[in-house]
Amino acid sequence: MRIFARIIIVLLVLVLILGVIAAGIGLWTVRRSFPQTDGTAQLVGLSANVEVIRDERGIPNIYADTQEDLFAALGYVHAQDRFYEMDFRRHVTSGRLSEMFGESQVDTDAFLRRLDWRGVAEIEYGQISAESRLALEAYADGINRFIAGRSGPEISLEYLVLSVQNPGYVIEQWDPVDSLAWLKALAWDLNGNYEKEVSRAIAAAKVGVARTEELYPPYPFERNGSIVGDAEEPKLAKRLTPAAANTRLTDQPKIKNALIRAADNAGNLRRALGPTGQGIGSNSWVISGALTQTGAPLLANDPHLAASMPSTWYQAGLRCREVSELCPYDVTGWTMSGVPGVFIGHNQSIAWGLTNLGPDVSDLALERVKGKKYLLDEKRRPILTRKETIKVADAPDVEIKVRSTGNGPIISDLPGVDVYAQVGETAPVPAPGQSKKASRQPRGEGYAVSLKWTALTPRPTYDAILSVNRATNWEEFRAAAAQLSVPSQNLVYADTEGTIGYQAPGVIPVRQGYDGRWPFPGWDSSFDWSGNIPFEELPSITNPPAGWVTTANQQVVPVDGSPKLKADPTSYGSRANRINERIAAVVSGGGKLTATDMQSIQLDAGNELAEFLVPRLQRISVDSQTAQAVKLLEDWDYQQTVDSAAGAYFNVFYRQLLQLMFFDELGTTNQSGVDAGDRTWEAIRNLWEEPRNVWWDDVNKSGKQRRNDTVAAALQAANQELRREQGDDPTQWNWGELHQVEARNASLGESGIDIIERVFNRGPLPVGGGSSIPLANGWNPVDGYEVSWIPSMRQVVDLGDFDRSSWVNFTGNSGHAYNENYVDQFDAWAQGGQYPWPFSREAVVSSGTNTLILSPRTSG
């Protein structure tokens with residue numbers, strides 16, 4: 001027995017030793033890709049030492065003597081923290097995901113090859129300024145110096161996982177065009193008009209044009225105003241709910257096949273880039289120093305994007321030790337890995353923020369195609385054709401044929417699919433908003449669909465990023481904005497001299513014969529774009545009478561203003577209206593605004609639709625059990641906070657209402673055109689006044705339901721759903737238990753393999769807010785209550801003292817799973833916190849925890 005006991009002890013010790021070794025190997029495997037943040041690293045090509053000071057959140061401030069050194073160092077640092085993300089992104093933009101992940105990505109690649117983002121970027125590289133090429137080349141050199149001699153797992157843990165599926169994968173050198181191509185992905189993310197045209201046409205195939213138009217109501221200018229109108233003629237503060245007022249921080253055409261196929265193709269891309277287009281927006285506003293406690297302007301911004309892991313943004317400072325022509329940058333803010341320059345932030349003189357302008361910059365063209373030709377003005381023209389070869393990991397290459405008309409690439413076909421089987425059977429020609437002169441063409445096998453989009457015309461957009469980074473006053477900023485073609489953004493501005501402003505930039509086409517809301521007849525050149533709106537005619541505001549400018553994707557100009565930038569609103573103004581109410585509440589009461597107020601407004605969770613509907617819901621007859629749930633709404637302040645029982649009930653009711661009103665006919669799909677945002681809110685507002693409107697009828701029930709019948713059914717269904725999910729005590733229900741956000745790795749986060757997802761994903765965390773609410777944790781009723789898009793970052797810039805500014809990222813700066821900066825900002829972001837944002841050299845050094853010196857090396 002003693003011998004047996006000794007054997008057991010020896011075995012246990014061996015198991016323990018093996019466990020320690022395995023743990024050590026695992027720790028070494030994970031940590032070997034972590035960046036060097038102290039000491040010295042040598043870089044060929046530097047002219048002098050570059051200092052990289054990181055704070056406890058891994059945010060680098062890079063100090064250099066020349067712009068070449070500055071951008072080379074940024075490339076090196078980006079690659080240290082985020083190279084796998086950069087590599088993944090360039091495979092997206094070039095349509096080469098199949099090289100990484102195999103056959104599952106062929107359709108996505110085929111769609112992207114049709115758009116040819118990479119080819120457009122290659123042309124743009126020859127158009128940009130010499131200074132931009134210098135930055136891109138230096139940046140690429142820095143990246144390539146980092147990856148040289150390192151294996152995939154030494155660069156990032158994801159490559160170890162990838163090697164199991166694709167052991168032959170080889171990391172390529174970074175090319176400057178890789179950076180430019182990512183700008184096309186950003187433009188695609190923010191191009192919502194394409195999806196609206198698809199949704200409109202698919203809905204019209206099911207319920208007709210007239211009913212479809214009810215889902216896209218006119219913008220409520222009288223209630224929610226516009227950017228220019230509210231800045232020039234401020235409204236008095238409306239009544240605010242108690243919590244908001246007191247909180248200072250805490251014919252029946254069918255278009256079945258072609259458009260559905262186009263939507264499906266785009267849906268594949270959505271899985272790589274995250275949700276796009278409809279419903280996604282951003283908040284930004286700037287306050288004159290005359291209205292602030294410090295006497296200097298304040299600027300707030302929170303762009304709304306996918307909940308990605310790592311975060312879309314990488315925080316960094318690009319600091320020339322001496323600002324001069326040789327090194328003209330002293331800028332800090334939000335960069336994106338793979339692209340040199342700061343997208344949003346401030347330099348030594350100015351600050352700026354962005355929201356999506358959302359102009360109508362794309363159209364779907366119905367094409368009359370027969371054989372190798374398409375029809376234009378009664379003449380057959382040859383279809384432009386090119387072949388593309390998609391290389392596939394561990395599988396044969398796939399060759400596809402890309403076809404284009406004069407309008408753009410045909411997107412309604414896929415490799416191996418007969419185009420004539422996929423085109424639309426019928427479409428409204430002419431459609432609402434189109435000239436009656438549009439000639440009908442025989443369907444034959446049907447219509448193909450091509451995409452006409454300003455981003456597919458090469459332009460030197462990248463120049464705008466660096467020009468903004470260097471700008472030191474309003475005139476220079478506007479000149480930089482004039483270089484921005486796509487994506488068109490609302491730019492808000494403030495400087496240390498006290499000027500505030502707004503500028504709408506971008507290449508925005510002028511249409512003739514149609515308004516851009518529906519697919520147009522591509523066979524008629526009278527529908528061609530007649531040009532672009534000149535930059536001088538785009539809306540611009542300096543030091544407005546209101547004392548502030550708010551942009552939250554609402555309409556830009558008043559109802560009688562010009563130019564007309566979009567036929568369909570990006571947002572119906574609910575967020576902007578709420579923000580303006582909060583600002584006006586302080587100003588009209590004689591108060592002065594603070595940075596703390598800015599943060600509080602960013603966290604406002606007020607639901608405008610609830611404010612309209614709740615008093616009306618309380619008059620609906622329901623059973624006694626449902627009445628207990630409805631009682632939650634009696635004293636509700638309409639704030640959808642994370643712990644709100646009323647917020648939970650209202651949103652579950654809303655989703656049930658959509659099911660009974662819309663999804664029963666349109667289907668529960670992303671192409672239904674119905675969502676949790678304020679366009680659908682506006683449709684419901686309008687329909688409320690028509691209790692017999694057919695939209696109130698649930699086609700799945702016998703008889704004809706009217707408004708009160710359907711609303712009562714939705715209230716009762718919501719009560720039953722919440723009792724199943726959260727128990728029988730309505731006071732214990734809470735919105736956050738339903739409404740949660742998970743940060744998912746874009747490539748591996750939905751692999752279906754639990755252990756991999758647990759390595760790279762983080763969350764879920766419960767959050768408040770919702771779609772079309774300042775606290776814009778958006779959700780899609782098609783998918784449930786899970787958060788689909790988020791404020792990807794928050795910033796508040798104090799122009800009186802940049803060191804008083806604050807910021808927070810969605811997750812963290814690092815792209816390395818288990819690194820201390822991988823997810824170190826996630827909790828603060830979810831709870832509404834922000835961190836100090838140091839800018840002065842003294843503040844940067846004081847907050848610094850690690851310093852890496854990049855020193856020149858003459859060879860190797």
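Caption draft 1: The arrangement of the nonpolar core in detail. Core analysis: the largest hydrophobic core is formed by 152 residues, its most contacted members being Tyr462, Val741 and Leu854. Here the element with the most residues in this core is helix H2 (residues 67-93); it accounts for 13 residues. With sequence-adjacent residues up to four places away left out, Leu854 is seen in contact with Ala41, Leu43, Leu46, Ala48, Asn49, Val50, Val52, Ala73 and Tyr76. One finds Leu609, Tyr638, Ala713 and Val782 within the second-largest nonpolar core, a separate group that totals 57 residues.

Caption draft 2: Structural view of the pattern of salt bridges. Following the criterion strictly, the structure yields 42 salt bridges and no others. Residue Asp178 pairs with Arg118 through a salt bridge whose shortest N-O separation is 2.4 Å. In this pair, Asp178 is assigned in helix H9 (residues 176-189) and Arg118 in helix H5 (residues 117-125), connecting sequence segments 60 residues apart. A salt bridge links Arg517 to Asp515; the shortest N-O distance between them is 2.8 Å. On the basis of relative accessible area, Asp515 is assigned to the partly exposed category, the value being 26%. One network of salt bridges, in which partners are shared, links Asp87, Arg90, Arg118, Glu122, Asp175 and Asp178.

Caption draft 3: Fine view of the environment of Arg744. Position of Arg744 among the secondary structure elements: in strand E25 (residues 740-745). Taking the C-alpha atoms as reference points, Arg744 and Ser308, 436 residues apart in sequence, are found 5.2 Å from one another. Of note is the side chain of Arg744, whose polar atom sits 3.2 Å from the side chain of Glu742. A polar contact is formed between the side chain of Arg744 and the side chain of Glu786, at a distance of 2.6 Å.

Caption draft 4: Fine view of the sheet that holds strand E15 (residues 395-405). Spatial ordering of the open sheet is given by E14-E15-E16, a layout of three strands whose pairing is antiparallel. Each of the sheet's edge strands pairs with one partner strand only, and the pair in question is strand E14 (384-392) and strand E16 (408-409).

Caption draft 5: Focus on the state of the cysteines. Scanning all chains against the criterion turns up one disulfide. The disulfide that involves Cys320 links it to Cys327, with 2.0 Å between the sulfurs. Its S-S torsion of approximately -80° makes the covalent link between Cys320 and Cys327 left-handed. Residue Cys320 is classed as buried on the basis of its relative accessible area of 6%. The class of Cys327 is buried, set by a relative accessible area of 0%.

Caption draft 6: Inspection of the side chain of Asp81 at higher detail. Structurally, Asp81 is set in helix H2. With sequence-adjacent residues up to four places away left out, Asp81 is seen in contact with Pro35, Arg54, Tyr314, Asn813, Ser814, Gly815 and His816.

Caption draft 7: Looking closely at the sheet that holds E25. If you walk across this open sheet you meet the three strands as E6-E25-E26, and the pairing is mixed. The sheet terminates laterally at strand E6 (308-309) and strand E26 (762-766), the two strands that pair on one side only. As judged from the three bridges shared by E25 and E26, these two strands associate in the antiparallel manner. Pairing of Ala743 across the sheet is with Arg762, part of E26.

Caption draft 8: Local environment of the packing of aromatic side chains. Throughout the structure, instances matching the rule amount to 34 aromatic pairs. When the ring of Trp735 is compared with that of Tyr785, the centres are 6.2 Å apart and the planes differ by 80°; the resulting orientation is edge-to-face. Of this pair, Trp735 sits in helix H26 (residues 735-738) while Tyr785 sits in the loop between strand E27 (778-779) and strand E28 (787-791), and the two are 50 residues apart along the sequence. Accessibility assignment for this pair places Trp735 and Tyr785 in one class, buried. Through a chain of ring-to-ring contacts, three or more aromatic side chains come together here, namely Phe111, Trp117, Trp188 and Trp453. Sitting above the plane of the Trp695 ring, Arg211 keeps its charged end 4.0 Å from the centroid.

Caption draft 9: Main features of the pairing of strand E3 (residues 60-64). Most of E3 is tucked away, with five of its five residues classed as buried. Side chains Pro60, Ile62 and Ala64 of E3 all project onto a buried face; the interleaved residues Asn61 and Tyr63 project onto the opposite face, where all are buried too. Where strand E2 (residues 50-55) lies against E3, four bridges are found, and the strand directions are antiparallel. Within E3, the position partnered with Glu51 by the bridge is Tyr63. The antiparallel hairpin formed by E2 and E3 contains four residues in its connecting segment, where Gly58 sits at a positive phi of about 75°. Alignment of E3 against strand E7 (residues 314-320), held across four bridges, turns out to be parallel. Across the sheet, Tyr63 pairs through a bridge with Arg319, a residue of E7.

Caption draft 10: Highlighting helix H19 (residues 574-588). Taking 1.5 Å per residue, 15 residues should reach 21 Å; H19 reaches 20 Å between its end C-alpha atoms and fits that length. H19 sits mainly inside the fold: twelve of its 15 residues count as buried. Regarding H19, the residues found buried are Ser574, Arg575, Ala576, Asn577, Arg578, Ile579, Asn580, Glu581, Arg582, Ile583, Ala584 and Val586. In the segment just after H19, Gly590 is the residue with positive phi, at about 85°.

Caption draft 11: Spotlight on the packing of helix H6 (residues 130-147) against H9. Interhelical geometry of H6 versus H9 gives an angle of 115° and a closest axis separation of 8 Å. With respect to H9, the axis of H6 lies roughly perpendicular. Packed against H6, whose contacting residues are Leu136, Glu137, Tyr139 and Ala140, the element H9 presents Pro176, Ser179 and Leu180 at the interface. Split into classes, the residues belonging to the contact of H6 with H9 amount to five nonpolar, one polar and one charged.

Caption draft 12: Examining the environment of Gly345 more closely. The topology assignment puts Gly345 in strand E9 (residues 339-347). Given a relative accessible area of 0%, Gly345 falls into the buried group. Put simply, Gly345 and Gln315 are 30 residues apart on the chain and 9.5 Å apart in space, counted from C-alpha to C-alpha. Excluding residues within four positions of it along the chain, Gly345 makes contact with Thr332, Gly333, Ala351, Trp352, Gln795 and Trp837.

Caption draft 13: Structural context of unusual backbone geometry. Each neighbour pair has its own omega, and for Met309 with Pro310 the value is 0°, a cis peptide bond. With respect to the helices, strands and loops of the structure, Pro310 is situated in the loop between E6 and E7. Between Val486 and the following residue, Pro487, the backbone shows a cis peptide bond with an omega angle of -5°. Its identity is not glycine, yet Asn543 carries a phi of approximately 45°, on the positive side.

Cut-off values and rules
- Residues numbered from 1 in each chain as written.
- Predicted model: local features only at pLDDT ≥ 70, side-chain atom pairs only at ≥ 80, totals over all residues.
- Heavy atoms only, no water.
- Core = buried A, V, L, I, M, F, W, Y, C linked by side-chain atoms within 4.5 Å.
- Buried < 20%, exposed > 50% of the residue type's maximum accessible area, 1.4 Å probe, protein only.
- Helix = DSSP H or I, 4+ residues; strand = E, 2+ residues; numbered from the N terminus.
- Contact = heavy atoms within 4.5 Å.
- Salt bridge = Lys/Arg side-chain N within 4 Å of Asp/Glu carboxyl O.
- Polar contact = N/O pair within 3.5 Å; in protein donor to acceptor, adjacent residues only side chain to side chain.
- Pairing = 2+ DSSP bridges.
- Disulfide = S-S within 2.5 Å.
- Phe/Tyr/Trp six-rings, centres within 6.5 Å; stacked < 30°, edge-to-face > 60°.
- Lys NZ or Arg CZ within 6 Å of the ring centre and 35° of its normal.
- Expected span 1.5 Å × (residues − 1).
- Axes fitted to C-alpha atoms, helices over the stretch in contact; angles between N-to-C directions.
- Parallel < 35°, antiparallel > 145°, perpendicular 65-115°, else oblique.
- Nonpolar A, V, L, I, M, F, W, Y, C, P; charged D, E, K, R; others polar.

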